[in-house]
Amino acid sequence: MTDVTAIVDNGVNVEALLGAREALTEAPEAAKFVWRASSEWKGGTHTQSSVEGFFGLGEEQKHVKQFNYDSDHPEIFASEDKGSTPVEFILVGLAGCLTAGIASVAQNRGIQLHSVKATLDAPMDIQGILGIDGDVRNGFDAITVNYEIDADASEEDIAALVAQSQKRSAVFDIITNPTNVNVEVNK
Amino acid sequence: MINVIRQLIRPVGTTDVVVIGAGHAGLAASYFLSKHAIEHVVLERGEVANSWRNERWDSLKLLTPNWQSRLPGFEYAGEDPDGFMSMPEVVEFIEEYAKFSASPVQTDTTVQSVQRHLGAYRVVTNRGVWHAKAVVIASGACNIANKPRASQDVPEGIASLTAHDFRNADQLEPGGVLIVGASATGLQFADEIRKAGHEVTIATGEHVRLPRTYRGHDIQFWMHITGLLNEGYEEVDDVSRARGLPSPQLVGSHDAQILDLNRLSDNSVKIVGRLMGISNGTAQFSGSLRNVCALADLKMNRLLAAIDDWIENNAVLCDAPERFEATRVDDNPSLLMDLEGNDIRTVIWATGFRPDYSWLDVPVLDRKGRIRHEGGVVDAPGMYVLGLPMLRRRKSSFIHGIEDDARDLMAHLDHFIREGSMGSGSRAA
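Residues numbered from 1 in each chain as written. Chains lettered and ligands numbered in written order. Predicted model: local features only at pLDDT ≥ 70, side-chain atom pairs only at ≥ 80, totals over all residues. Heavy atoms only, no water.

Let us look at the sheet that holds strand 12 (residues 200-204) of chain B. Residues and elements named next belong to chain B. Strand order in the open sheet made by the 5 strands is 10-19-11-12-15, with parallel pairing throughout. Bordering the open sheet on either side are strand 10 (159-162) and strand 15 (270-273), each of which pairs with just one other strand. Between one strand axis and the next, the sheet turns through 20° on average, direction left out of account. Of the strand pairs in this sheet, strand 11 (residues 176-180) and strand 12 are connected by 4 bridges, and their pairing is parallel. Opposite valine 180, over in strand 12, you have alanine 203 as the bridge partner. Each of strand 11, strand 12 and strand 19 (344-349) is contacted by helix 5 (residues 184-195), which is oriented at about 170° to strand 12, the strand it contacts most. (Pairing = 2+ DSSP bridges. Helix = DSSP H or I, 4+ residues; strand = E, 2+ residues; numbered from the N terminus. Axes fitted to C-alpha atoms, helices over the stretch in contact; angles between N-to-C directions. Contact = heavy atoms within 4.5 Å.)

We now examine the sheet that holds strand 3 (residues 59-71) of chain A. Residues and elements named next belong to chain A. Strand order in the open sheet formed by 3 strands is 1-2-3, and the pairing between neighbours is antiparallel. The sheet is open, and its two edges are formed by strand 1 (38-43) and strand 3, each paired on a single side. Strand-to-strand, the axes of this sheet are offset by a mean angle of 10°, without reference to chain direction. Summarising the sheet, strand 1 and strand 2 (residues 46-56) pair through 5 bridges and their orientation is antiparallel. When the sheet's bridge partners are listed, serine 38 is paired in strand 2 with serine 50.

The next point concerns the packing of helix 2 (residues 24-35) of chain B against helix 4 (residues 87-101) of chain B. Residue and element names in this part refer to chain B. Look at helix 2 against helix 4: their axes get within 10 Å of each other, and the N-to-C directions meet at 15°. In this view, helix 2 runs roughly parallel relative to helix 4, as classed from their interaxial angle. For helix 2 against helix 4, the interelement crossing comes out left-handed. Across the interface between the two elements, His24, Leu27, Ala28 and Tyr31 from helix 2 touch Ile94, Tyr97, Ala98, Phe100 and Ser101 from helix 4. Residues that form the contact of helix 2 with helix 4 fall into these classes: 7 nonpolar, 2 polar and no charged. (Parallel < 35°, antiparallel > 145°, perpendicular 65-115°, else oblique. Left-handed = near helix turned anticlockwise from the far one by under 90°. Nonpolar A, V, L, I, M, F, W, Y, C, P; charged D, E, K, R; others polar.)

What follows deals with the domain arrangement of chain A. Residue and element names in this part refer to chain A. We note that the domain assignment places domain 1 (6-30 + 85-176) and domain 2 (36-84) within chain A. On the side of domain 2, 12 residues touch domain 1, which itself brings 7 residues to the contact. Surface buried jointly by domain 1 and domain 2 totals about 630 Å² across both partners, of which 75% is contributed by carbon and sulfur atoms. On the domain 1 side of the contact with domain 2, Ala30, Thr85 and Phe89 bury the most area, a combined 65% of that side's loss. (Domains from an automatic or database assignment. Buried area = accessible area lost by both parts, 1.4 Å probe.)

This paragraph deals with the side chain of Asn143(B). Residue and element names in this part refer to chain B. Inspection of the secondary structure puts asparagine 143 in the loop between strand 8 (128-137) and strand 9 (144-145). Assessed through its relative accessible area of 17%, asparagine 143 is described here as buried. Within the structure, the side chain of asparagine 143 is placed 2.8 Å from the backbone nitrogen of aspartate 356, a separation counted as a polar contact. Leaving out residues up to four positions away in the same chain, asparagine 143 has contacts with Arg45, Glu55, His164, Arg354, Pro355 and Asp356. (Buried < 20%, exposed > 50% of the residue type's maximum accessible area, 1.4 Å probe, protein only. Polar contact = N/O pair within 3.5 Å; in protein donor to acceptor, adjacent residues only side chain to side chain.)

Once that is clear, we can look at the environment of Gly128(A). Residues and elements named next belong to chain A. Following the sequence through the fold, glycine 128 ends up in the loop between strand 4 (113-121) and strand 5 (144-151). Owing to a relative accessible area of 11%, glycine 128 belongs among the buried residues under this scheme. Along the chain, glycine 128 and glycine 139 lie 11 residues apart, while their C-alpha atoms are 7.8 Å from each other. If near-sequence neighbours (up to four positions away) are discounted, glycine 128 is found in contact with Asp133, Val136, Arg137 and Asn138.

Once that is clear, we can look at the nonpolar core. All names here are of chain B. Counting 90 residues, the largest nonpolar core has Val114 and Met383 as the members making the most contacts within it. Here this core spans two domains, and each of domain 1 (13-143 + 355-419) and domain 2 (147-349) adds at least three residues to it. Once residues lying within four places of it in the same chain are set aside, the contact partners of valine 114 are Ile20, Tyr121, Arg122, Val123, Val135, Trp359, Leu360, Asp361, Val362 and Met383. Listed in part, the 17 residues of the second largest apolar core include Leu63, Tyr214, Ile219 and Leu229. (Core = buried A, V, L, I, M, F, W, Y, C linked by side-chain atoms within 4.5 Å.)

All names here are of chain A. Backbone geometry places alanine 78, a non-glycine residue, at a positive phi of 60°. Relative to the elements of secondary structure, alanine 78 occurs in the loop between strand 3 and helix 2 (86-108). Residue aspartate 81 is not a glycine yet carries a positive backbone phi of 55°. Tracing the backbone shows aspartate 81 in the loop between strand 3 and helix 2. With relative accessibility at 41%, the residue aspartate 81 sits in the partly exposed group.

Following this line, the structure appears as structure tokens:
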């Protein structure tokens, strides 16, 4: 550290994160989290979902308040468009996760960020979901994330931030790797 | 009960130190123990350099050039300092070292159990029991070839080999080969098997990309001269990560400047993402291929830039800096592969190795089965480990890296034995 080092502040408490990492290495049980959401059909293709409680550090936890989300489909699907299309929530989740990662990694590496903007594109052939062509998958063909980042760092250091963020991202992992999904119905 | 009686009637030896394993690490430990005039024995389950003899594939050569092949008090004396030793040559080198160091090696002696006993250690072997104040574990880092859980789901009729099973391409059935893992091992297998005429797919997770030569010299020369190889375990950011890094994509040969995924692509090897599972005969690959390649490219370029800086600061005359082509990744790498449909006849797991501590009955393993140690000083009095990656320094896993580690640890052991003896008052140092 030199005495001219500017104080980098991306608003991320890295000391707390590193402290948590150390503590959870010693107590791996506390690292087991469960994330939850609940939803209710409102009519048509409109569903309202909410998140509030989750489990972690060995006990029930709560967000500061309940967050609610409307999902629906656009009018060209003959829907009422009361909220985002569910697949768009996936893009929202990916953007939120990668960008949070970029801010944390930048803080840890002493890189001041000025702006971090992303656009996400995810082509999809809806012949899949409409059952027109069984060879077409339901989901995205691929996802492209385009970042525009203004930071006090070289192009290469910024590329490294984005790469490291992908490496540590939960949503990136969820999308790129298979997950067993169990959907059950309670009578 | 019968076991107890059987052990009671076996010969029992007492010594100060039992060294387990007569490879380069155990022999280096023995060299320094002799220097300290500490009585010891080196127990070897087979012959000297057993793993190098029996647990390596045919074409493997050391990843370090001959000039770097050096053990305490002993150097490479051949005519090709820039060449790379084949496994028979490594065995010969270590055999010569065993003679040179006159180590008290007992071959064909398999350690079956190490226990804590009356403030010392009891080492049970197939040829008797030893009692010792200290134990040096030098039994190797690569005893067991890792196989991920997905290996259980390889469809019947498709051969499933580990890196210990694979010797050469002649043992493979005709047809496609899926290689899982893209470290030095996986890349070398892919290159060799492709050249033998098989269709090859390589599943690629995080990897370390390195050129064989840079600016006119072997990469090991730069790693050595810049001091990188001497970087200590306490200096690196995340030592547990550094200890788990896959071996860099190197091959012991100057046939090409770099053996990387691009070179495999040029030879029509198919590059896919990390293998995540096999379900109903279909292999599933991660969609993270582009990022793991970007990470490896960035890290390689960071290392090359550090070397460039060092060259500039030290005004060394050598070839001009250069950068290698970024790893080429298909726009849409395959995510799924029906193994039988794609005529895959063999899957090879090049997914790393781990030590075997099944004989170690002292509670020093962590929940992941790794030995708990601080720079080789194990979390049990008088117990030491040698020859693991990044044990004390970046060079710890190399043959030439053992010297400094063994010197440090045997000095610690010497102190331990003298302190212990004085403490008990039984014997003057």
